[in-house]
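Chains, contacts and geometry: an overview
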Amino acid sequence: MAATKVLDRLKVGASPPAPGGVLPLTFFDVPWLFTGPVERIFFYPYAHTAEHFTAHLLPSLVSSLSATLHAFYPLLGRVRPCPDGGGGYEFFCSAGGEDGEAIELTVAESSDDFDELSGGGPRDVARLYALVPRLQPPEADGSFALAAAQVTVFPARGVAVGVSIHHVACDDSSYMHFVKTWAARCQEAVGGADAVPVPRPPFLDRGVVADPEGLAARTLDEMRQLAANGPPPPPPAAAGQPPKLVIASFALTRDRIDGLKRRVAAKVADGGSGTGRVHCSAFTVACALAWACLARVGSRADERPRAHLLFSVECRRRLAPPIPQEYLGNCLRPCFVEVGAAELLGVDGVAAAASAIGAAVAGLDGGVLDGAGGWFHKILSLVPERPMSVGGSPRYGVYETDFGLGRPAKVELVSIDKTLGTVSLAEGRDADAHAAGVEIGVVLPEADMARFSSCFADALEELCD
């Protein structure tokens with residue numbers, strides 16, 4: 001395996017110094033407390049040597065990160081147990097100065113194949129993790145860091161920017177707000193002629209997330225009870241060495257999406273799956289197609305009567321009153337979808353899946369927080385059912401992230417590997433927003449990836465002819 005050599009580990013604080021302070025965890029944050037980071041890698045072509053990178057690009061990456069952290073200062077800090085001993089948790093960031101908070105920026109050089117790693121074909125996930133920064137381990141008092149970054153130069157080939165942010169700190173909307181702010185400030189620093197405006201600063205007032213029913217405290221109590229009973233037993237392990245996991249991307253072009261939407265709508269209208277009209281967006285058909293393909297990959301060993309899908313819905317504009325899109329934190333609710341396994345595996349499986357997904361999304365119109373008290377238990381109850389889950393969204397515009405190096409050649413949401421059956425969604429790589437489709441990322445064992453790829457190609461041919 002090609003080596004990745006660490007050149008430096010920098011501590012980057014806010015400039016000017018951040019004010020610091022304490023922020024509460026909301027009921028949107030608490031369920032993510034004991035999970036892990038969201039990890040992405042942004043790949044950019046770069047035709048210069050490592051020495052040129054260190055002398056010219058790295059200083060701009062560091063100074064722009066420092067300026068960005070001034071506004072996003074909660075990411076500099078930690079989550080810690082509340083000092084009052086009441087069992088709660090809070091975000092804490094000490095005030096700036098010489099001993100102020102900082103995040104670790106790893107600077108590395110890789111001799112791996114940049115073109116292969118930034119392609120869409122199956123790649124060993126372990127190779128990508130050499131480009132992903134690790135969060136510092138938790139302290140003895142239970143506190144833990146929230147963010148880390150890494151820049152890796154592939155001499156004369158490219159640069160990879162890796163960003164890890166613990167999910168308790170923020171959702172994907174805030175994650176991309178942070179990264180795009182860093183990128184825009186870096187464009188300014190390198191003197192890019194077409195520099196985009198720096199996004200508006202984050203909104204930090206967590207008082208806008210009302211919790212009159214005490215959902216944050218209730219959810220934390222439920223999590224403690226679960227921990228006291230011990231972790232659930234792991235699934236039976238297969239004999240021998242675990243299979244190598246590979247990650248691959250599958251493109252749905254705009255014309256394919258439109259064809260899928262027409263075909264799904266026609267099947268639903270014909271009574272083949274569900275009744276009436278269906279909310280049939282690009283997200284809907286992309287999820288439906290991935291779900292049907294994953295079901296076929298796993299059908300030989302899985303005889304469950306129902307198939308389940310779990311994805312998150314962004315709530316900022318759905319709350320009453322709405323909260324600013326720049327709100328820094330989590331503002332997601334789970335959306336639960338299920339269909340008969342035989343229906344999903346059938347000839348009209350994509351239409352059945354799309355109909356169920358559309359109905360679930362439409363059901364949110366009655367109240368986005370309905371049933372919030374039962375979300376945590378519902379998610380736990382689905383774990384044995386091995387639901388497909390979804391990370392990312394085409395709406396976040398990951399391919400618009402330009403550090404002064406142009407559009408990324410590839411963006412990879414690597415952290416989907418933590419749970420098999422999770423797929424990532426992003427907008428397509430086409431620079432024309434009107435023509436861009438959807439990119440689906442999948443992590444599977446090698447043999448299963450080959451079956452998924454074949455199923456994906458067959459499904460497109462069947463549904464879009």
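Keep in mind it's a predicted model, so treat the numbers as computed, not measured.

1. What about the sheet that holds strand β15 (residues 410–413)?
- Across the sheet, 6 strands lie side by side as β1-β6-β9-β10-β3-β15; this open sheet has mixed pairing. Only two strands of the sheet have a single neighbouring strand rather than two, namely β1 (4–12) and β15. On average, adjacent strands in this sheet sit at an angle of 15 degrees to one another, irrespective of strand direction.
- Summarising the sheet, strand β3 (residues 37–45) and strand β10 (residues 158–166) pair through 9 bridges and their orientation is antiparallel. For Pro-37, the partnering residue across the bridge sits in β10 and is His-166.
- Here helix α1 (residues 50–71) sits on the sheet and contacts β1, β6 (103–110), β9 (147–154) and β10; the angle it forms with β6, its principal contact strand, is near 160 degrees.
- The sheet contacts of helix α4 (residues 172–190) involve β3, β9 and β10, and relative to β3 the element is tilted by about 35 degrees.

2. Observations concerning the pattern of salt bridges
- The full count for this structure, using the stated rule, is 26 salt bridges.
- Between Arg-123 and Glu-412 there is a salt bridge whose closest N-O contact spans 2.7 Å. Taken as a pair, Arg-123 in strand β7 (residues 123–124) and Glu-412 in strand β15 lie far apart in primary sequence, 289 residues in all. An identical accessibility class is assigned to Arg-123 and Glu-412; each is buried.
- Residues joined by salt bridges that share partners form a network here, namely Arg-123, Lys-410, Glu-412, Arg-429 and Glu-439.

3. Let's talk about the nonpolar core
- Counting residues in each nonpolar core, the largest one holds 87 residues, and the members touching the most others are Phe-53, Val-161, Ile-165, Phe-178 and Phe-403.
- Mapped onto the domain boundaries, this core takes at least three residues apiece from domain 1 (4–229) and domain 2 (245–462).
- Val-285, Cys-287, Val-423 and Phe-452 belong to the second-largest nonpolar core, a separate cluster that totals 53 residues.

4. Quick look at the packing of α1 against α4
- At a minimum axis distance of 8 Å, the contact between α1 and α4 shows a crossing angle of 130 degrees. Viewed along their axes, α1 and α4 adopt a mutual orientation that is oblique. Considering only the axes of α1 and α4, their crossing is right-handed. Contact with α1, carried on its side by Leu-57, Ser-60, Leu-61, Ser-63, Ser-64, Leu-65, Ala-67, Thr-68 and Leu-69, involves Phe-178, Thr-181, Trp-182, Arg-185, Cys-186, Ala-189 and Val-190 of α4 and no other residues of that element.
- Looking at the contact of α1 with α4 residue by residue, the classes come out as 10 nonpolar, 5 polar and 1 charged.

5. Some words on unusual backbone geometry
- Cis geometry marks the peptide bond from Ser-15 to Pro-16, where omega comes out at -5 degrees.
- Positionally, Pro-16 belongs in the loop between β1 and β2 (21–24).
- The residue after Ala-320, namely Pro-321, is reached through a cis peptide bond having omega -5 degrees.
- With respect to the helices and strands, the residue Pro-321 is situated in the loop between β12 (306–314) and β13 (332–340).
- Backbone geometry places Ala-156, a non-glycine residue, at a positive phi of 65 degrees.
- Relative to the assigned elements, Ala-156 resides in the loop between β9 and β10.
- Owing to a relative accessible area of 44%, Ala-156 belongs among the partly exposed residues under this scheme.
- Non-glycine residue Arg-386 carries a positive phi angle of around 50 degrees.

6. Regarding helix α5 (residues 215–228)
- Here α5 is 14 residues long and its end C-alpha atoms lie 20 Å apart, about the 20 Å a rise of 1.5 Å per residue gives.
- Within the sequence span of α5, burial applies to Leu-215, Ala-216, Thr-219, Leu-220, Glu-222 and Met-223. Along the long axis of α5, the arc covered by the buried residues comes to 160 degrees, so they all point the same way. Relative to its buried face, α5 has exposed residues pointing more than 90 degrees away, namely Gln-225 and Ala-228.

7. Some thoughts on the domain arrangement of the protein
- Domain parsing of the protein yields domain 1 (4–229) and domain 2 (245–462).
- Between domain 1 and domain 2, the C-alpha centre-to-centre distance is 25 Å.
- Contact with domain 1, which involves 64 residues of that partner, is made by 51 residues of domain 2.
- Regarding the contact of domain 1 and domain 2, the summed buried area is about 4,700 Å², with carbon and sulfur atoms giving 64% of it.
- Considering only the surface of domain 1 that becomes buried against domain 2, Phe-28, Tyr-44 and Phe-203 emerge as the three largest contributors, covering 14% of it.
- Counting across the domain 1 and domain 2 interface gives 5 salt bridges.
- Glu-400 is the salt-bridge partner of Lys-180, the closest N and O atoms lying 3.1 Å from each other.
- Linking domain 1 with domain 2 are 32 residue pairs in polar contact (both at pLDDT 80 or more).
- Listed by contribution, the elements that provide at least two residues to the side of domain 1 that touches domain 2 are β3, α1, β7, α3 (125–129), α4 and α5.

8. Focus on the packing of helix α7 (residues 282–298) against helix α9 (residues 349–362)
- Contact pair α7 / α9: the axes reach a minimum separation of 8 Å and the direction vectors enclose 130 degrees. By the angle between their axes, α7 is oblique relative to α9. Between α7 and α9 lies a crossing whose hand is right-handed. The segment α7 lies against α9, with Thr-284, Cys-287, Ala-288, Leu-289, Trp-291 and Ala-292 engaging Gly-349, Val-350, Ala-353, Ala-354, Ile-357 and Gly-358.
- Within the contact of α7 with α9, the residues separate by chemical class into 9 nonpolar, 3 polar and no charged.

9. A closer look at the sheet that holds strand β16 (residues 422–427)
- Sheet architecture is open: 7 strands sit in the order β7-β11-β17-β16-β14-β12-β13, paired in mixed fashion. In this open sheet, the two edge strands, each paired with only one partner strand, are β7 and β13.
- Pairing of β12 with β13 involves 9 bridges; the strand directions are antiparallel. Its bridge partner lying in β13, Arg-306 is registered against Gly-340.

10. Some words on the environment of Pro-74
- Its location among the elements puts Pro-74 in the loop between α1 and β4 (78–81).
- When the C-alpha atoms of Pro-74 and Gly-363 are compared, they prove to be 34 Å apart, with 289 residues separating the residues in sequence.
- Not counting residues up to four positions away in its chain, the partners in contact with Pro-74 are Leu-23, Leu-146, Leu-204 and Leu-328.

Each value, and the rule that gives it
- Residues numbered from 1 in each chain as written.
- Predicted model: local features only at pLDDT ≥ 70, side-chain atom pairs only at ≥ 80, totals over all residues.
- Heavy atoms only, no water.
- Pairing = 2+ DSSP bridges.
- Helix = DSSP H or I, 4+ residues; strand = E, 2+ residues; numbered from the N terminus.
- Axes fitted to C-alpha atoms, helices over the stretch in contact; angles between N-to-C directions.
- Contact = heavy atoms within 4.5 Å.
- Salt bridge = Lys/Arg side-chain N within 4 Å of Asp/Glu carboxyl O.
- Buried < 20%, exposed > 50% of the residue type's maximum accessible area, 1.4 Å probe, protein only.
- Core = buried A, V, L, I, M, F, W, Y, C linked by side-chain atoms within 4.5 Å.
- Domains from an automatic or database assignment.
- Parallel < 35°, antiparallel > 145°, perpendicular 65-115°, else oblique.
- Left-handed = near helix turned anticlockwise from the far one by under 90°.
- Nonpolar A, V, L, I, M, F, W, Y, C, P; charged D, E, K, R; others polar.
- Expected span 1.5 Å × (residues − 1).
- Arc of directions from axis to C-beta.
- Buried area = accessible area lost by both parts, 1.4 Å probe.
- Polar contact = N/O pair within 3.5 Å; in protein donor to acceptor, adjacent residues only side chain to side chain.

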